[in-house]
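Letter by letter, the chains look like this.
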Amino acid sequence: MSNKKFETEAIRTQMERSQNLEHSSPIYLTSSFVFEDAEDMRASFAEEKDRNIYSRYSNPNSSEFIDKVCKMEGAENGFAYASGMAAVFSTLAALLDSGDHVISSKSIFGSTHTLFTNFFPKWNISTSYFDAQDLDSIEGLITPNTKIIYAESPTNPGVEVLDLEALGAIAKKHGLIFIVDNCFATPYLQQPIKFGADLVIHSGTKLMDGQGRVLAGITVGSNALMDKVYRFSRITGPALSPFNAWVLSRSLETLAVRVDRHCENALKLATFLEGHDKIEWVKYPFLKSHPQYEIAKKQMKAGGCVVAFGVKGGLDAGRQFFDHIELLSLSANLGDSRSIVTHPASTTHSKLTKEEREAVGITDGMVRISVGLEHIDDIIADIEQALE
């Protein structure tokens, strides 16, 4: 980042004004761009000119969104995608060859896990998993064909915190690419590149948008790696739409103030739940009871919007709790202005076997709450009446 503060970069990083001198960026709803003459067209396709050709390759709106996130994350370049999973798949597929090996934390989003276990094996790409709190085991998993270390922090949905600096050191020592899904934290709370990450992935659908309106993803990182990711993505076509890019650029202008309130509400809710007699356990990165509290304090500005907890009484008690929610939304999304309650075992991680879920701490009674921007008293009141 430059010497400007985060909030200023989020608001003031924008595309160059046109001759109309607009204050806010216009929307470029165009599939393609025209050329001045035959030579201009030839030179543009030969990449002798840096200019827009086709919106599958680049568009002023997606470029503005990418520029903002690069400044926020301290990255050199990026590519914007139609969804978070498009970003995950395209990034990995661009960098992996048949016979390569990935080392990943066990605690990852269900669709990413399915990618590693159901699809990549078809192309002879294998994955080994490590426990989020047993980083000492990673070096024993490294083989001559290992190429990538992949991690989320905080994890979805168990809200575990991984020591990014330690992971970065292992990746550097062995010449591996270190990729971090930073969706839960956002670049406002955590910048993995500072801790050794080579590439950072976000689902823009979540806190970056913040209002549950659009699907989006983005990958940012070094020029060298992003060139490979860009060339794969340009050909395969998972690009973000100009309209959604425009929405996200506007949303990023309020990311800091929104996330501050999300975190404030989430910590108050986690503290309330920790003292409730019908709650078995609570996990939130900035609760002192969190096993990785000190690591969270080291690498995050605040704890994020997600609180995980277990209801006493298991699956039946959990089902009763969900059926009695009145104000909060029952949904599988997160990072919305509206608080959302999710049952990971039957929704976001339902494609995992029971054994796979339990191995990463997803019990049948686990509840994940994405704490929104409603007044905290109303959020707590709804959860309390549902528990009762």
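The structure presented is a predicted model; accordingly, all values stated were derived computationally and were not measured.

Q: I'd love a proper account of the pattern of salt bridges, names of residues and values included.
A: Pairing between side chains of opposite charge can happen when the charged atoms of each approach one another. As enumerated under the stated definition, the model contains 20 salt bridges in all. Salt-bridge contacts for lysine 298 lead to glutamate 165; the nearest nitrogen and oxygen are separated by 3.2 Å. Taken together, the residues span a long stretch of sequence, with lysine 298 in helix α12 (residues 293–299) and glutamate 165 in helix α7 (residues 164–173) at a distance of 133 residues. Using a relative accessible area of 43% as the deciding quantity, one classes glutamate 165 as partly exposed.

Q: Tell me what's going on with helix α15 (residues 376–387), and back it up with residues and numbers.
A: Its twelve residues place the ends of α15 16 Å apart at the C-alpha level, agreeing with the 16 Å of an ideal helix rising 1.5 Å per residue. For α15, the complete set of buried residues consists of Ile376, Ile379, Ile380, Asp382, Ile383, Ala386 and Leu387. Each buried residue of α15 lies within a common arc of 160 degrees when the element is viewed along its axis, so the set occupies one face. Tucked into the core, α15 has its buried residues touching α11 (255–274), β8 (279–283), β9 (306–311), α13 (314–323) and β12 (366–370).

Q: Go over the environment of leucine 252, please, and point to the residues and values.
A: Within the secondary structure, leucine 252 is located in helix α10 (residues 242–252). By relative accessible area, leucine 252 is classed as buried at 1%. In this structure the C-alpha to C-alpha distance between leucine 252 and serine 137, which are 115 residues apart in sequence, comes to 38 Å. When sequence neighbours within four positions are dropped, the list of residues in contact with leucine 252 reads Ala10, Phe65, Lys68, Val69, Met72 and Met208.

Q: Quick one: what's the story with a nonpolar patch on the surface, residue by residue and with numbers?
A: Residues Ile27, Leu29 and Phe243 make up a contiguous nonpolar surface patch of about 290 Å² in total accessible area. Examined against the element boundaries, phenylalanine 243 turns out to sit in helix α10.

Q: Residues and numbers for unusual backbone geometry, please.
A: Along the chain, serine 153 connects to proline 154 via a cis peptide bond; the corresponding omega equals -10 degrees. Relative to the elements of secondary structure, proline 154 occurs in the loop between β4 (146–152) and α7. Omega for the peptide link from asparagine 156 to proline 157 comes to 5 degrees, which places this bond in the cis form. Counting through the fold element by element, proline 157 comes out in the loop between β4 and α7. The phi dihedral of asparagine 124 falls on the positive side, at around 60 degrees, and the residue is not glycine.

Rules and cut-offs
- Residues numbered from 1 in each chain as written.
- Predicted model: local features only at pLDDT ≥ 70, side-chain atom pairs only at ≥ 80, totals over all residues.
- Heavy atoms only, no water.
- Salt bridge = Lys/Arg side-chain N within 4 Å of Asp/Glu carboxyl O.
- Helix = DSSP H or I, 4+ residues; strand = E, 2+ residues; numbered from the N terminus.
- Buried < 20%, exposed > 50% of the residue type's maximum accessible area, 1.4 Å probe, protein only.
- Expected span 1.5 Å × (residues − 1).
- Arc of directions from axis to C-beta.
- Contact = heavy atoms within 4.5 Å.
- Patch = residues over 30% accessible without salt bridge, like charges linked within 9 Å, V, L, I, M, F, W, Y side chains within 5 Å.
- Areas by Shrake-Rupley, 256 points an atom, 1.4 Å probe, with all protein chains shown as cover.

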